[in-house]
Amino acid sequence: MVSFNSSLLREKFTIHDPLDGSSETGAPVLALSNRMVVELVSKSGQNKERFIIRTHNMHSCVRIAARLIRTYHTTGPILVRGKDFEWEAIWDQIVNEYEYEYNPQRWASIYNNGKVLFEAGERHPFLDVIEKCDALNKGEYEKAIPVAESAFKQLGREVTIEYDANVALVTDMDDKQARCGVILRGPSRTTTFNFAVFPKKEPVLNIPQILTSSAAFLEGIQLAFMIGMNNEKIRLGIIERFSHEEKQTREARRRLSRLNAEIANLESACDVRYRPERPEFPHIVMDAEKLAEKILKAPPPKPKEDKPAE
């Protein structure tokens, strides 16, 4: 039986280093990341592999996890392939056209036992330090921060690290049932919606497909909020017609349609039950528009240019 249990964390490390000259104001350094642990076990139980995924955004983290699970259970263990494993191909499949065009800050890193197996884009180097410390503690993640502080102290640097994290997704699934909880953080309140998945057309569940649908919810909720805010900015003239932002909003609507299709495919293949109800992206767009109406103001009119004398 194939199973998968994990959580997606949104993390923020605040690093206070009195000897760090990178900031003239002495302000602390921030290291932001999304993190997911992927533990893979063969059906025989004899092979086990553990990966840590860190990414710039939430949905990419979950999609990489889905790809690793699919690859492991269809073509076999990953670590034994060494440098021959096509990490770059997985990343290329994850980065869709919208992401490629409108998120130049995208990055990802994948670790095993504290070592970087794959990296794309630029991340904060402190994240590598934390993963090395986690490996020293054999996966006792809560102890990684004091270990990191101790390591800096041995180098003569009295570094203090503040850690803040919140859960964005919780998964508990196997071949016969899956349960996922998605945390929605809005400007005024935080809510949670859960969905359970059971086999319908096929005898067993497709765990990577369920994870991909979870990623579609995470990405879709963010896009829907951005679309709603930008719709009001366009109406007020804050975003000008034919600008990069106006084009991004238009392309985001197309991307949202594709995400809806991904979720609809899961609902067609499986019995999906939502509690309390499935988030509808159009409703999120409208809620964001209403919020934007309250907090945004139209820019002042541009001064008229004097016409040259004829």
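This text follows the structure it describes.
S.K.: I'm lost on the overall build of the chain in this one. Help?
M.R.: In terms of helices and strands, the chain carries 8 helices and 9 strands. Overall, the C-alpha framework of the chain stretches about 85 × 60 × 40 Å when taken along its three principal axes. Counting the 310 residues in the chain, one finds 45% classified as buried. Taking as baseline every contact in the chain between residues at least 6 positions apart, the subset at least 24 positions apart corresponds to 63%. Counting only carbon and sulfur atoms, one obtains 50% of the accessible surface of the chain, whose full area is about 17,700 Å².

S.K.: Please clarify how the packing of helix H1 (residues 58-75) against helix H6 (residues 207-236) should be interpreted in this entry.
M.R.: For any two helices packed against each other, one specifies the inter-axial angle together with the distance between the axes. Contact pair H1 / H6: the axes reach a minimum separation of 8 Å and the direction vectors enclose 170°. Between H1 and H6, the angle is such that the two are roughly antiparallel. Contacts from Met-58, His-59, Val-62, Arg-63, Ala-65, Ala-66, Ile-69 and Arg-70 in H1 reach Ile-207, Pro-208, Gln-209, Leu-211, Thr-212, Ala-215, Ala-216, Leu-218, Glu-219 and Gln-222 in H6. Among the residues forming the contact of H1 with H6, the class breakdown is 11 nonpolar, 4 polar and 3 charged.

S.K.: I keep staring at H6 and nothing clicks. Help me out?
M.R.: Residues lying three or four places apart along an α-helix face the same way, a consequence of the helix completing one turn every 3.6 residues. In this model, H6 (30 residues) spans 44 Å end to end at C-alpha, consistent with the 44 Å of a helix rising 1.5 Å per residue. Counted residue by residue, H6 has 24 buried out of 30 residues, so it is predominantly covered. A positive phi of about 90° marks Gly-237, the residue just after H6.

S.K.: What is the right way to look at the pairing of strand S6 (residues 160-174) in this model?
M.R.: Two faces make up the sheet, and in a regular strand the side chains alternate between them. Bridge count for strand S1 (residues 3-16) against S6 is 14 bridges, and the pairing is antiparallel. Bridging from a neighbouring strand, Lys-12 pairs with Asp-164 of S6.

S.K.: So what exactly am I meant to see when it comes to the nonpolar core here?
M.R.: Side chains that are nonpolar tend, in soluble globular proteins, to be buried together. Within the largest apolar cluster, 64 residues are counted, with the highest numbers of intra-cluster contacts made by Leu-8, Phe-195, Val-197, Ile-210 and Leu-211. The element that contributes the greatest number of residues to this core is H6, accounting for 12 residues. Setting aside residues up to four positions removed in sequence, Leu-8 forms contacts with Asn-34, Arg-35, Met-36, Met-58, Cys-61, Val-62, Asn-166, Val-167, Ala-168, Leu-169 and Leu-218. Formed by 18 residues, the second largest nonpolar core is a distinct cluster that contains Trp-107, Leu-127, Ile-130 and Ile-145.

S.K.: Honestly, the packing of aromatic side chains in this entry has me stumped. Any pointers?
M.R.: Given two aromatic rings, one states the distance between the centres and the angle between the planes to describe the pair. Evaluation of the coordinates by the stated rule reveals 12 aromatic pairs. Ring centres of Phe-195 and Tyr-274 lie 5.9 Å apart, and the angle between their planes is 45°; on these two criteria the pair is classed as tilted. In this pair, Phe-195 is assigned in strand S8 (residues 190-199) and Tyr-274 in strand S9 (residues 270-275), connecting sequence segments 79 residues apart. The burial state of Phe-195 is the same as that of Tyr-274; both residues are buried. Considering the side-chain rings of Phe-217 and Tyr-274, the 6.1 Å spacing of their centres and the 80° angle between planes classify their relative orientation as edge-to-face.

S.K.: Where do I start with helix H2 (residues 87-94) in this structure?
M.R.: Turning to H2, its buried residues number three or more, namely Trp-87, Ile-90, Trp-91 and Ile-94. Axial view of H2: buried residues confined to an arc of 95°, hence all on one face. Buried-residue contacts for H2 involve strand S3 (48-55), H1, strand S4 (108-112) and strand S5 (115-120).

S.K.: Would you take a moment to explain the pattern of salt bridges for this structure?
M.R.: Pairing is possible between side chains of opposite charge, provided their charged atoms come close. Applying the stated criterion across every chain yields a total of 15 salt bridges. The salt bridge involving Glu-131 is made with Arg-35; its shortest N-O contact spans 2.9 Å. Remark: Arg-35 occurs in strand S2 (residues 29-41) and Glu-131 occurs in helix H4 (residues 126-136); sequence separation between them is 96 residues. For Glu-131, a relative accessible area of 2% gives the class buried. Residue Arg-35 is classed as buried on the basis of its relative accessible area of 5%. For Glu-251, the salt bridge identified is with Arg-254, shortest N-O distance 2.5 Å. Of this pair, Glu-251 and Arg-254 are both found in helix H7 (residues 244-269), 3 residues apart, which corresponds to roughly one turn of the helix. Using a relative accessible area of 22% as the deciding quantity, one classes Glu-251 as partly exposed. With relative accessibility at 41%, the residue Arg-254 sits in the partly exposed group. Through salt bridges that share partners, Glu-11, Arg-35, Arg-54, Glu-131 and Asp-134 make up one connected network.

Thresholds applied
Residues numbered from 1 in each chain as written. Predicted model: local features only at pLDDT ≥ 70, side-chain atom pairs only at ≥ 80, totals over all residues. Heavy atoms only, no water. Helix = DSSP H or I, 4+ residues; strand = E, 2+ residues; numbered from the N terminus. Buried < 20%, exposed > 50% of the residue type's maximum accessible area, 1.4 Å probe, protein only. Contact = heavy atoms within 4.5 Å. Areas by Shrake-Rupley, 256 points an atom, 1.4 Å probe, with all protein chains shown as cover. Axes fitted to C-alpha atoms, helices over the stretch in contact; angles between N-to-C directions. Parallel < 35°, antiparallel > 145°, perpendicular 65-115°, else oblique. Nonpolar A, V, L, I, M, F, W, Y, C, P; charged D, E, K, R; others polar. Expected span 1.5 Å × (residues − 1). Pairing = 2+ DSSP bridges. Core = buried A, V, L, I, M, F, W, Y, C linked by side-chain atoms within 4.5 Å. Phe/Tyr/Trp six-rings, centres within 6.5 Å; stacked < 30°, edge-to-face > 60°. Arc of directions from axis to C-beta. Salt bridge = Lys/Arg side-chain N within 4 Å of Asp/Glu carboxyl O.

The analysis is restricted to geometry; functional conclusions fall outside its scope.
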